[in-house]
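Per-entry structural report
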Number of protein chains: 2
Amino acid sequence: MTARARVKIKDVATLAGVSTATVSRALSAPDSVGPATRKKVMEAVKATGYRINSAARDLRQRRARSLLILAPNLSNTFFSRIFAAVQEEASSVGLTVQISDSRIGRDRLLSLGYDGRADGIVLLDGGLDPEVVNGWRLPLIQLSEWNDAYDAPRLGIDNHAAAGLAVDHLVGLGHRSLLHVNGPEENVLAITRRQGFLDAASRNGAEATVFPGDFTLESGAEAARRWAGLDNRPTGVFCASDECALGFVSECIRLGCDVPGDVSVVGFDDIDFADRFVPSLTTIHQPRLEMGRAAVKQVVAMMQGTPKVEADATGTPPERIEAALVKRASTGPAPA
Amino acid sequence: MTARARVKIKDVATLAGVSTATVSRALSAPDSVGPATRKKVMEAVKATGYRINSAARDLRQRRARSLLILAPNLSNTFFSRIFAAVQEEASSVGLTVQISDSRIGRDRLLSLGYDGRADGIVLLDGGLDPEVVNGWRLPLIQLSEWNDAYDAPRLGIDNHAAAGLAVDHLVGLGHRSLLHVNGPEENVLAITRRQGFLDAASRNGAEATVFPGDFTLESGAEAARRWAGLDNRPTGVFCASDECALGFVSECIRLGCDVPGDVSVVGFDDIDFADRFVPSLTTIHQPRLEMGRAAVKQVVAMMQGTPKVEADATGTPPERIEAALVKRASTGPAPA
C-alpha cells in the first residue's frame, strides 16, 4: 500500500477537463461519450492512477452481486462444466453468474470492467489485449488459459507436464513414432502442450511429428485423414483436446483402422464423452469442477481484499490444480 | 414501404463525422451536445432522410444494450451452440449477450427483469414460476422449452411430430416393440416427446415401453442396463436426447450387444458428437443456429415495438422451426 493520497473522480475530471458525470459515463458506458472525450478521460485515469478501488464503495452500492465469466467460445464443450461449477460455487456465496463471449470487440470489452454489471471476473481467454484486461478495475482471475502480460493471478493445471504424461504413457506402450495434433497456433494452451509433447518425445528419444488443429472434432478428423496418407504412420497420437482426439479416432475407424490395434490415441481434458466413446478415450483429466470452484473462491477473496493467490511474474501458477492421465481403451501396445 | 434502403443511425453518424451515440444524444437531448455538433447532425439527418423511429431511439437509449439468455443447466451440450448463435446474431446488431443459470432462486430471478442489466431475454427454461416470468417488464421470447402460462411468444420445433418421425423410422425398419427413454418428468420437452412417442407407436400398432431418464449420458447408460435385463427386449429405442442415446449405445456395446444388429437407437437434437460417434447416431436434427438467430431477431423486433410473433394461447408456436430425421448408422432392420 502506498502512502499516496487516494485519487478521486474529481481529480480525473479536472485533469481531463470534463465533468465528473462525464468521467463516470466514460467509465460505465463508453459508448455514451464521443471517442475524443473517452480518450481524454482514459488518459487522465492512467495519469492519476485512479482506481475504482476508491469507488469500491460505489461498487458495493451497485450491488451487482455478480461474477462475470469471459470465454472465447461459448460452444466449446470443455467450458460447459466449468460454467456450471462457477455457477454452483458462486451461488453458494450469494453471487449470480453471467457468462459472456470474450470476443466482442475492444470497446465492449473495455466497458465490462466499469459498467457495474459484475463485481469480479473469471477470465478463460489468454488471447485478449493485455491493455484492455489490465484496464479493468475489478478482481480478476485467469482460469485455464493465461497471458503473462495480464496483471492477474491464475489457476490451472501444468499443461507442459501433462503433455509429458501423455507421451510417457505412449512410449511406455512401445510407441516410438509419435504424432501431436496441435490446438490453434496462437493459443497459449496449444503452445504449451505442443512444447510439452516435443520435450517429452525428445527426452524419450521418440520421433515427433506435429499436425495443425484447432481443438475441434473436425480438425481431429482432418488430421486422421492426413495421418492415413503417410508412408510411415506414427503409431502413438496425442491430441491437444478430447474433441480433437474423438474426431481423430472416429475418422480412423471410418477409414478401416483399428484403435488401438493400429494406432493409440490420447486426448486432453476428460470431457464427459471421453468415457462414453467406443473405444473410451485415454486422456488427461482436468478437474473442471475443482477449477471452477477454486476460481470463484479466489475472486471472492479478492473482492474481500484477501487474495489467496498473488500474481506471479514467472507465469507459473502458484496454486496449481492437479491433472492426471486416465488410461482407457483408446491406447494399447504398439503394433509389432 | 419505400424502395429506398433504410437509413441507419450509423449512416447519419458517418456523414456527420461523429459517433452514433452523439447522433442519438443530439436527437434525443439536443442540449447535451454543442451547437456545432447539433448543426452537423441535423444536416446529416436531413441529407440522408433519416427517420427517427421512437422505439428504435429508445432501444439506443437503453444503457444495457444487452440480451440475457436464461438456461436451466449450463453444462448441457445442447445449449452450447444456441449460446454461440445468439451471441453471433446479437453481436451483429450491436448487442452483447449474457448467459445466466435460470435456477438461481426466485428473488434473483425476479430482479433480472428490473435491474437494468438486460434489454431483452431469451428464455430456455419452461419450468420457472410463471408469476416471476410474467412480472418481468422486458421483451421476452421462449426458445426450445416453453410454458403455456408464460405470457410470451415462443420459438421451437414441433416436438410431438418429431418424436413421431423417430417412431415411423423405427417401424419402417420392421421394429414392432419400441422403448422410449424419457427426459426429466416435469420437463415440457420430455412430456411432449413422450406423448409423441406413445401416439405414434399406437398409430403404428407397435408395443411401447417407457423408461425414466434425465437427458444425460449416464441416464442413457442406466436405461441400457435395465433394457439388457428384460426378457423380451424392445429392438427399437428412441431416446429423449442425443446424450441419453449415446449413453445407451455406449453401454449396449459394453454389454456385448451390437448396434444396430441387436438394437436400433434414435436420439434427439443432433449435437456435434452424434455424427462422430461410432456408430454414428440417427437422430432428430434441431437447427440450433437457426433457433438462436430467430430468437434474437424476435427479441430485437419486440424491443423496437414490432414483434413478428404474437403469443398464442394454444401453446402452438406460430413461427415454427423445422426439425428433420437424420438417418445414420445406429438404426437398421429389426433382427429376425
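Residues numbered from 1 in each chain as written. Chains lettered and ligands numbered in written order. Predicted model: local features only at pLDDT ≥ 70, side-chain atom pairs only at ≥ 80, totals over all residues. Heavy atoms only, no water.

**Quick word on the packing of aromatic side chains**
Residue and element names in this part refer to chain B. Counted by the stated rule, this structure contains 12 aromatic pairs over all chains. Ring geometry for F79 and F83: centres 6.1 Å apart, planes at 20°, overall stacked. Linking F79 with F83, this pair stays in helix α5 (residues 77-92), spanning 4 residues, or about one helical turn. Judged by relative accessible area, F79 falls into the buried class, the value being 4%. A residue is classified by how much of its surface remains accessible, and F83, at 1% relative accessible area, is buried. Relative to F268, the ring of F238 has its centre 6.2 Å away and its plane inclined at 45°; by these criteria the two rings are tilted. (Phe/Tyr/Trp six-rings, centres within 6.5 Å; stacked < 30°, edge-to-face > 60°. Helix = DSSP H or I, 4+ residues; strand = E, 2+ residues; numbered from the N terminus. Buried < 20%, exposed > 50% of the residue type's maximum accessible area, 1.4 Å probe, protein only.)

**Considerations on the interface of chain A and chain B**
Listed as interface residues are 49 residues of chain A and, on the opposing side, 46 residues of chain B. Across the interface of chain A and chain B, roughly 3,900 Å² is buried in total on both sides, 53% from carbon and sulfur atoms. Ranking the residues of chain A by area buried against chain B places R117, F273 and R276 of chain A at the top, with a combined share of 21%. Remark: the boundary between chain A and chain B carries 6 salt bridges. As a salt-bridge pair, R276 of chain B and E218 of chain A come within 3.7 Å of each other at their nearest N and O atoms. Summed over the shared surface of chain A and chain B, the number is 9 residue pairs in polar contact (both at pLDDT 80 or more). The element contributing the most residues to the side of chain A that touches chain B is helix α11 (residues 242-254) of chain A, with 7 residues. (Contact = heavy atoms within 4.5 Å. Buried area = accessible area lost by both parts, 1.4 Å probe. Salt bridge = Lys/Arg side-chain N within 4 Å of Asp/Glu carboxyl O. Polar contact = N/O pair within 3.5 Å; in protein donor to acceptor, adjacent residues only side chain to side chain.)

**As for the nonpolar core**
In summary, soluble globular proteins display a tendency toward joint burial of nonpolar side chains. Counting residues in each nonpolar core, the largest one holds 85 residues, and the members touching the most others are F83 of chain A together with F83 of chain B. Counting residues per element, this core draws most heavily on helix α13 (residues 288-303) of chain B, at 7 residues. Those residues within four positions of F83 of chain A in sequence are excluded, and the remaining contacts are I69, A71, L74, I99 and L124 of chain A together with L74 of chain B. L179 of chain A together with C252, I271 and F273 of chain B belong to the second-largest nonpolar core, a separate cluster that totals 48 residues. (Core = buried A, V, L, I, M, F, W, Y, C linked by side-chain atoms within 4.5 Å.)

**Quick notes on the sheet that holds strand β8 (residues 236-239) of chain B**
All names here are of chain B. On the basis of which strands lie adjacent, the open sheet formed by 4 strands has the order β7-β6-β8-β9 and parallel pairing. This sheet does not close on itself; its edge strands, each paired only once, are β7 (207-211) and β9 (264-266). Across the sheet, the mean angle separating the axes of adjacent strands is 20° when strand polarity is ignored. Bridge analysis of β8 against β9 gives 3 bridges, and the strand direction is parallel. By the bridge assignment for β9, F238 is matched with V266. (Pairing = 2+ DSSP bridges. Axes fitted to C-alpha atoms, helices over the stretch in contact; angles between N-to-C directions.)

**Considering unusual backbone geometry**
All names here are of chain A. Residue V278 is joined to P279 through a cis peptide bond whose omega torsion reads 0°. With respect to the helices and strands, the residue P279 is situated in the loop between α12 (272-276) and β10 (283-285). Despite not being glycine, F215 has its phi angle at roughly 80°, a positive value. If you trace the backbone, F215 turns up in the loop between β7 (207-211) and α10 (217-228). Unusually for a residue other than glycine, D269 sits at a positive phi of about 130°. The topology assignment puts D269 in the loop between β9 (264-266) and α12.

**As for the sheet that holds β9 of chain A**
All names here are of chain A. Strand order in this open sheet of 4 strands is β7-β6-β8-β9, and the pairing throughout is parallel. Each edge of the open sheet carries a strand with a single partner, namely β7 and β9. Strand-to-strand twist across the sheet, computed as the mean angle between neighbouring axes with direction ignored, equals 20°. Across the sheet, helix α9 (residues 188-204) is in contact with β6 (177-181), β7 and β8 (236-239); its angle to β7 comes to roughly 160°.

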